[in-house]
Amino acid sequence: MLALSRRMPAALLAMLVPLATWASADRPLLIRDGYIMPMTPGGQDLPRGDVLIRGDTIVAVGEKLSVPDAEIIDAKGRFVLPGFVDAHSHLWVTTLRGQFRNAGGKFFPVSNALGSKMQPDDIYTAMYTGALELLNGGITTSGDFFDNVRGPAWAEAGFSALRDAGIRAIMYYGGPDKSTRFPVDLNHATALAARQDPLVKVGLAWRLPRQLNDEQNWAVRDREYRWAKARGLPIQVHVSGDADAMFEALIARRYLAPSVTLVHATNARASQLQALNHAGASLAITPLSEQRVGYGLTRLDHFDGVTRIGFGIDGNSLAGSGDMFATMRLAALTLSGATADESRPDPRQLLIMATRGGAETLGLDKETGSLAPGKRADIQIISPDSLTMSGYGGGDPAALLLYSAQPHNVATVIINGRIVKQDGKLNAVDLAEVLATAQRSAEALQQRAVE
Ligand SMILES: [Zn+2]
């Protein structure tokens, strides 16, 4: 906090109100009487069930749990499910909202130009605000591909932002371009990875050479890859743009592995997806951004053979907003539209992908993504008590959530046993100040861009 105070302006410090509600070991938290959707393999819903939390951990999921002295969250008439897992994001682009206007402002030129003007304080503001947006909509974990690290201070700002927001995250550490001008600072990344933060872990945002025959660049990339591999740190890499050749290069150079997550691969060949699956690697797909930037249609049936697969937001401003409901809905509607088959997909499959599937994609499924004893308490409670979800008298709850729910319907969010959103409001956050700071940072960035 002291180091932060020296670096952060007063307005940002005002956002860091150290107030929280926790399930403590001596005062357990009991979510009572909700419609429980555990998302465990083969797990059944409990129409009137309870979830008991002690400290940071779920200790029981069942019916009529009796726990003297527990703090009660009444979930009657509400849906209780694991927090969503955003398998791939770029939270640093949050303050570029409204900048991507098709012909007049394509994503990559605009984000590169504005990103180059961002100072550590801008990074902090964007990532903190973006992470709050995610958890406000029930996303409790994010795999953040931070590809704008321009020096250790930028990485520190991003790490602090994720930690202060209270979201579970992997911060994939990466430079702002594909040249060797900004190789990953492996000394600093090593120090950051050793922080032992309970929620924020470090991985490698791995970027392939733009020219895939540039062996000098590959030598730098190979060193980064081996650094992560040797430490058991997760790796994410985009397969987009020159996607086919990139995927082929990853296969030929034997880089696919269980700790590696590929991102996009929208039109990958069947043989490539088989190689990915065979190597135990995972895939993050980001329907909103993939279709937004014209990678093609994100068709779920294309990825039927992939075992570890999850949804990502891929940058709140590019996707429009950090909204997992909209992400699932677009994927569902694209499939039924493209196949002219109203019966596809099964709504529950999308909810599984957005929770346990995302956790499996990130290698975090032992900790999060489902409601079962021993998992960390990462939970969202959705209230249908609003016009957008009105008129539900039974039927398929998964279909109700998939087609009708929106972030504002998320009433309560718990991360690692801590209540971060309650009664529809974020705890310990001065929202007006957060929004004003984000706007100031966005305006200053644009000013710097034209100077
Ligand atoms: Zn991305």
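Note that the structure is predicted; figures quoted are calculated from it, not measured.

About the cut-offs
Residues numbered from 1 in each chain as written. Predicted model: local features only at pLDDT ≥ 70, side-chain atom pairs only at ≥ 80, totals over all residues. Heavy atoms only, no water. Donors = N, O, S within 2.8 Å, 3.2 Å for Na, K, Ca; no water. Tetrahedral: all angles 85-135°; square planar, octahedral: opposite > 155°, others 65-115°. Helix = DSSP H or I, 4+ residues; strand = E, 2+ residues; numbered from the N terminus. Buried < 20%, exposed > 50% of the residue type's maximum accessible area, 1.4 Å probe, protein only. Phe/Tyr/Trp six-rings, centres within 6.5 Å; stacked < 30°, edge-to-face > 60°. Lys NZ or Arg CZ within 6 Å of the ring centre and 35° of its normal. Domains from an automatic or database assignment. Contact = heavy atoms within 4.5 Å. Buried area = accessible area lost by both parts, 1.4 Å probe. Salt bridge = Lys/Arg side-chain N within 4 Å of Asp/Glu carboxyl O. Polar contact = N/O pair within 3.5 Å; in protein donor to acceptor, adjacent residues only side chain to side chain. Nonpolar A, V, L, I, M, F, W, Y, C, P; charged D, E, K, R; others polar.

(A) Structural view of the coordination of the zinc ion. Coordination of the zinc ion by the protein is provided by H88 (NE2), H90 (NE2), H238 (NE2) and D314 (OD), with metal-donor distances spanning 2.0 to 2.4 Å. Bound by 4 donor atoms, the zinc ion shows angles of 86 to 169° at the metal and therefore irregular coordination geometry. Linear spacing of the donor residues for the zinc ion on their chain is H-x1-H-x147-H-x75-D. Of the two residues, H90 sits in the loop between β7 (84-89) and α3 (107-115) while H238 sits in strand β11 (residues 235-239), which places them 148 residues apart along the sequence. The buried category is assigned to H90, whose relative accessible area is 7%. The class for H238 is buried, based on a relative accessible area of 16%.

(B) Representation of unusual backbone geometry. Here the amide bond leading from R344 into P345 is cis, since omega sits at -10°, within 30 degrees of zero. Tracing the chain through its elements places P345 in the loop between α12 (324-339) and α13 (347-362). Residue D69 is not a glycine yet carries a positive backbone phi of 75°. Mapping D69 onto the fold places it in the loop between β4 (57-62) and β5 (71-74). At Q196, a residue that is not glycine, the phi angle is positive and equals roughly 60°. In this structure, Q196 sits in the loop between α6 (186-193) and β10 (200-206).

(C) Spotlight on the packing of aromatic side chains. In this structure the tally under the stated criterion is 11 aromatic pairs. Clustering of aromatic rings is evident, with ring pairs tying together W206, W218, Y225 and Y255. Above the plane of the ring of F159 lies R195, whose end atom (NZ or CZ) is 5.8 Å from the centre. One Lys or Arg, R253, reaches over the ring of W218 and ends 4.1 Å from the middle of that ring.

(D) Molecular detail of the domain arrangement of the chain. Domains assigned within the chain are domain 1 (21-82 + 370-426) and domain 2 (84-362). Between domain 1 and domain 2, the residue contacts involve 32 residues of the former and 26 residues of the latter. Taking both partners together, domain 1 and domain 2 bury about 2400 Å²; carbon and sulfur atoms supply 64% of that area. Applying the counting rule to domain 1 against domain 2 returns 2 salt bridges. The salt bridge partner of R168 is D378, with a shortest N-O separation of 2.6 Å. The interface formed by domain 1 and domain 2 includes 7 residue pairs in polar contact (both at pLDDT 80 or more). The set of elements that each furnish at least two residues to the side of domain 1 that touches domain 2 consists of β6 (79-82), β15 (379-382), α14 (397-404), β16 (410-415) and β17 (418-422). Ranked by the residues each element gives to the side of domain 1 that touches domain 2, the list is headed by α14, at 7 residues. When grouped by side-chain class, the residues that make up the side of domain 1 that touches domain 2 number 21 nonpolar, 5 polar and 6 charged.

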